[in-house]
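Here is how the chains run, residue by residue.
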Amino acid sequence: MKRFAVVIALAVMGFFCLSGIGFSQAIENEFYLITPVSKDVHDPALKAFAAFVKKKYNVDLKTSAMPQGTPVAYGQIVEWKGKPQADVFWGGEGTLFDLLADQGLLDKVAIPKAMWDEIPATIGKPIGLPLKDPKGYWVGTTLEPYGLIYQPTLLKRLGVEIKGWDDLLNPKLKGQIAQCTPDRSSSSHASYEVILAMYGWEKGWDWLTKLAANTGIFTARSRDVPSVVSKGEFAVGVAVPSYMAFAEVLGGYDVMFVYPKNAYVTPEPMAVLKGAPHPKAAHAFVEFLLTEEGQRIFMERGLYPITPKYKVQGAPGSNAEKAVQFTAGIRSFYDIPVGNVYDPKVAGEKKRNEEVNAYFRKEIAEKHKELIKK
Amino acid sequence: MNEGTAVALPKPSVWSEMKIGGILGYAAIWAFFIIFLIYPLIRLFYDSFTTEAGIFTLANFQDFFTDAFYLKSLMNSMLLGVGTVITTSIIGIAIAFLLLRYDFPGRGLFSYLTIIPMIMPPLVGVMGFVFIMGRAGTVNIILQDYFGLQHPINFMYGLHGVLLVETLHLFPLMTLSIVDAMGKISPSLDEAAESVGSRGLRKFRDITFPLTTPGYVSGALLVFIWTFADFATPLVVGISDLLASQAYLNIVQFVDRRLFKMGIVISAIMVILAILFLIIAKKYVSIKDYSSLSYSVIERKKLSPLAQAGAIAFLAFILILAFIPYLGLALDSFGRGWALTPFPVKYTLQYFERVAIETPKFIINSLLYSGISVVICIAVGVPIAWVMSRTRLPGRGVLDSLTTLILALPGTGIGIAYMRAFRDPLPFMTTALIGMWIVIPVVLAVRRLPYTVRGTFASLLIVHRSFEEAAESVGATKARTFKDVTLPLIWKGVLVGSLYSFILALQEASATLLLVIPGHEMMTVGIFNFYIGGSVNEAAALGFILIILGAACLFIINRMAGSKMGGVFG
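Values in this document were obtained by computation on a predicted structure and should not be read as measured data.

## Concerning the overall build of chain B
- Looking only at helices and strands, chain B features 26 helices and four strands.
- In summary, chain B has a C-alpha radius of gyration of 24 Å against a globular reference of 25 Å for 570 residues, a match within 12%.
- Out of the 570 residues in chain B, the part that is buried amounts to 51%.
- Long-range contacts, defined here as pairs at least 24 residues apart, represent 80% of the contacts in chain B between residues at least 6 apart.

Next up, the structure:
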């Protein structure tokens, strides 16, 4: 018994000692990303970055991503209190990045000045959406509309066409719409704000309630929306980032994308977290994505260049060309009129954010079962 | 808390008999329980009864019990749990009776196949169902394309869908518990009853029912808790007004501190409820019931040809339903761009390539962490079983209760408790435990410990004390006796228990999902990440591999343990 017990005691204690010594040290050949940008894009971006690091520094870079919705990622970073387990935060709305910068949780972006200056300050009319932080704490990486996705076969069967927002309220679409709740997805939240800005608070909620009456599923994650539409479980998805929709096309599914008027366009901001375990890799990553090589990764995946310098173009049949067809001919957001009514000053307020979520929860989520019966 | 010591009646000699090493070992076991089970739970309760500033308050609970939405979630969770217990009871008991009492062709095969549905990692089960029975699933598409159905039948989206998935996943737990309990009824009791004229219902009421109740109650408790704690299945079918879903959703968002706090409170409520259920069921699920453990050979009745056909048809029907998710997963993991056709049109191996060859870390981490957790399970669990069956050490009753408690604890609750308890570095350590990968195998070990303990305990009871006494009488030390006499006799039981711990560790995805560390994802976490990342096919492929691994382990258990395999669940 004696020896046996000692062995057990040692084994149990050994675990803790071992873990304490061996795994607390950070090494610069690692890089961790926390991002709401889904695997469809962050995976190739990380792979290309690792290849770039290998070529330039001859270092085998181990990369990993924590896929989290924007609000979750934001909360996680606040929770880390300046001791982050990730290096770079990528994606979502600029306003959240401003909040993080205010709390002193971000490092300033360190990229060449020419690169910084190439990026326009804002996009969209009448209200310009910022594409970079004037104080330099975050920078936009790509342009990405939150639009509508549909399954053409199902729509034809239902005898419905989708061109803009109001087509979603067609009674024939009852139970056919998929959307994510605005409190769990920033793309959904931003789209709700667009509707509220277009129609005003009262009429806007009226519209959104009608949308809920047509909604068959409120998914817990925004990425589920294009998934269920591409499978044909539901016919139309709302507030879907263009690249998520395009990823379904690349995956072999038959879906189409609509960029409705005034839909929110995000620059997918990126920032280096203060106290990042691997700061050098972090800053190198930001710079890499803004080079032509980095921008090409986006252009082949249903996203648009952040500067007017590049256009989505490729050989016939290439993914880049497929992406252009998929969005009915858009090659750059600097070629087309971009309407924007979303006001970051209004929608960015924390109080407003909670107000919208609370209203949604009370008047839509809790009453959804009754709404769909109408 | 003193119940254990009271039972053990500590004589002064208990301690003096023990060597220093033994005391240290016993202390180590207790340290393990205190650090990795008791402390996190206390921390969870502490957090739920205090404000952010650390002042005692009941306001959190008041918020919960005055919020109509949370009350509805609580109600729904209870209804779902009870509903699942009812449906699994009907199916599980029917199958147990058929397999145990009657003989018909294919009985052996069926007894293996009917436990397979237990191997169903969270999320992929419901995914598989949706592929076949969803609005655009195979069944609805066939009905629409060939039978003129206008609107798809809604099999999945709603509480009934969750009930369907849980029932077909969990009925084997019920079957195993009943098989185990009925296996312990000596046929002589049956004969005795019949000889005095007690037959049919009367016999069932007087003999079968009371003797199988303990097994049934513990099976029912497991099914209830499992359903109660599952947050992944409801989310896939668009249901979020359940306690586990609310706990999970509130915790994984950090923006709204109030919601975050509610997540902690909901977890605490789930743990409290689990403890309550356990206390109610305690007199049935205590490990001590195994004192009557003796498996007897049951004489099986031969069924008439018609009844045979009926039995086979019933089992086949249940199995076809239960195997739907496997079919859906297999199709989706090999099929490319599958939408609105009964079966995929194009097939590919690319998804397997991506999850197994390009990023082998999921499989490697899963095997590694589950492996380590089983080592911990054995290192902690075998001594516990030994202490409980061979010593009268004070506190062993409490150990028994704690081990049983683990079975009843919802994984979400443990995960959140760990998040709160280990967010600051422990003494003598520089990094917080939740930032280190070792926390994953540790939490897996804690959650799956009961299976190892029970497997070992059951086999220790069969080894008669006199064997060991004989060895000791000729001068062997306790350790030597254990090594030369006890171990060779119980290793099968230990192995079976450990394999169960292993299978279930492989499939764990509630605590680990909350505690995952970047770069150290396991298969279940990979499934979840692929799924929420929109790569449904990859998730299916990873799930498929996990199921194959599980089925292989189960096959080994089946070969080694035969009918005894229910023991670990009892």
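## Looking at the packing of helix 3 (residues 20-48) of chain B against helix 20 (residues 411-421) of chain B
Residue and element names in this part refer to chain B.
- One can describe the packing of helix 3 onto helix 20 by two numbers: an axis separation of 8 Å at closest approach and a directional angle of 85°. The pairing of helix 3 with helix 20 is recorded here as roughly perpendicular in orientation. For the pair helix 3 and helix 20, the contacting residues are Tyr39, Pro40, Leu41, Arg43, Leu44 and Asp47 in the first and Gly413, Ile416, Ala417, Tyr418, Arg420 and Ala421 in the second.
- Counted by class, the contact of helix 3 with helix 20 contains eight nonpolar, one polar and three charged residues.

## A closer look at the nonpolar core
- Val88(A), Val236(A), Ala271(A), Met127(B) and Tyr418(B) are the most contacted members of the largest nonpolar core, which has 283 residues in total.
- Of the domains in this structure, domain 1 (30-143 + 267-323) and domain 2 (145-265 + 343-373) of chain A are the two that each give at least three residues to this core.

## Topic: helix 7 (residues 124-133) of chain B
- In terms of residue burial, helix 7 of chain B counts as a mostly covered element, since ten of its ten residues are buried.
- All of the buried residues along helix 7 of chain B are Val124(B), Gly125(B), Val126(B), Met127(B), Gly128(B), Phe129(B), Val130(B), Phe131(B), Ile132(B) and Met133(B).

## Structural notes on the pairing of strand 12 (residues 236-241) of chain A
All names here are of chain A.
- Among the six residues in strand 12, six count as buried, and that is most of the element.
- Sheet topology places strand 9 (residues 144-150) next to strand 12; four bridges connect them, and they run antiparallel. From the neighbouring strand, Gly147 faces strand 12, where its bridge partner is Val240.
- Pairing of strand 10 (residues 177-180) with strand 12, which is carried by two bridges, proceeds in the parallel orientation. Note on strand 12: the bridge partner recorded for Ala178 is Gly237.

## Re unusual backbone geometry
- Residue Pro126(A) is reached from Lys125(A) by a cis peptide bond, and omega for that bond is 0°.
- Of note in the backbone geometry, Leu340(B) takes a positive phi value of approximately 60° without being a glycine.

## Observations concerning the pairing of strand 2 (residues 62-67) of chain A
Residues and elements named next belong to chain A.
- Relative to strand 2, strand 1 (residues 30-35) is paired through six bridges, and the arrangement is parallel. Residue pairing across strands places Tyr32 opposite Ser64, the latter belonging to strand 2.
- One crossover worth recording links strand 1 to the parallel strand 2 by way of helix 2 (residues 39-57), and it is right-handed.

## What about the environment of Ser48(B)?
Residues and elements named next belong to chain B.
- Examined against the element boundaries, Ser48 turns out to sit in helix 3.
- The class of Ser48 is buried, set by 25 C-beta atoms lying within 10 Å.
- A sequence separation of 381 residues divides Ser48 from Met429, and the C-alpha atoms of the two residues are 26 Å apart.
- The contact partners of Ser48, leaving out residues within four places of it in the chain, are Asn60, Ile264, Val265 and Ala268.

## A word on the domain arrangement of chain A
Residues and elements named next belong to chain A.
- By the assigned domains, chain A splits into domain 1 (30-143 + 267-323) and domain 2 (145-265 + 343-373).
- Between domain 1 and domain 2, the residue contacts involve 23 residues of the former and 19 residues of the latter.
- For the side of domain 1 that touches domain 2, the leading source of residues is helix 13 (residues 319-326), giving three residues.
- Broken down by class, the residue content of the side of domain 1 that touches domain 2 amounts to ten nonpolar, nine polar and four charged.

## Focus: the interface of chain B and chain A
- In this assembly, 46 residues from chain B lie in contact with 53 residues from chain A.
- Those elements that place two or more of their residues in the side of chain B that touches chain A are helix 3, helix 18 (361-390), helix 23 (478-507) and helix 25 (523-532) of chain B.
- In terms of residue count, helix 3 of chain B provides more of the side of chain B that touches chain A than any other element does, six residues in total.
- Here the side of chain B that touches chain A is composed, by residue class, of 24 nonpolar, 16 polar and six charged.

## Structural notes on the confidence of the model for chain B
Residue and element names in this part refer to chain B.
- For chain B, the mean per-residue pLDDT works out to 83, and 91% of the residues sit at or above 70.
- When mean pLDDT is taken per element in chain B, helix 16 (residues 324-334) scores highest with 93 and helix 1 (residues 3-8) scores lowest with 41.
- For the stretch residues 1-12, pLDDT sits under 50, and the model shows 18 contacts to residues farther than four places along the chain or on other chains.
- What the predictor reports for the complex is a pTM of 0.83 with an ipTM of 0.78.

## Focus: the confidence of the model for chain A
- Chain-level pLDDT for chain A is 88 on average; 93% of the residues reach the 70-or-more range.
- Note that pLDDT drops below 50 for residues 15-27 of chain A; the model gives that stretch ten contacts with residues more than four away or on any other chain.

Procedures and definitions
- Residues numbered from 1 in each chain as written.
- Chains lettered and ligands numbered in written order.
- Predicted model: local features only at pLDDT ≥ 70, side-chain atom pairs only at ≥ 80, totals over all residues.
- Helix = DSSP H or I, 4+ residues; strand = E, 2+ residues; numbered from the N terminus.
- Rg over C-alpha atoms; globule rule 2.2 N^0.38 Å.
- Buried ≥ 20, exposed ≤ 12 C-beta atoms within 10 Å, placed from the backbone.
- Contact = placed C-beta atoms within 7 Å.
- Axes fitted to C-alpha atoms, helices over the stretch in contact; angles between N-to-C directions.
- Parallel < 35°, antiparallel > 145°, perpendicular 65-115°, else oblique.
- Nonpolar A, V, L, I, M, F, W, Y, C, P; charged D, E, K, R; others polar.
- Core = buried A, V, L, I, M, F, W, Y, C linked by C-beta atoms within 7 Å.
- Domains from an automatic or database assignment.
- Pairing = 2+ DSSP bridges.
- Right-handed = clockwise from strand over helix to strand, strands pointing away.
- pLDDT = per-residue confidence, 0-100.

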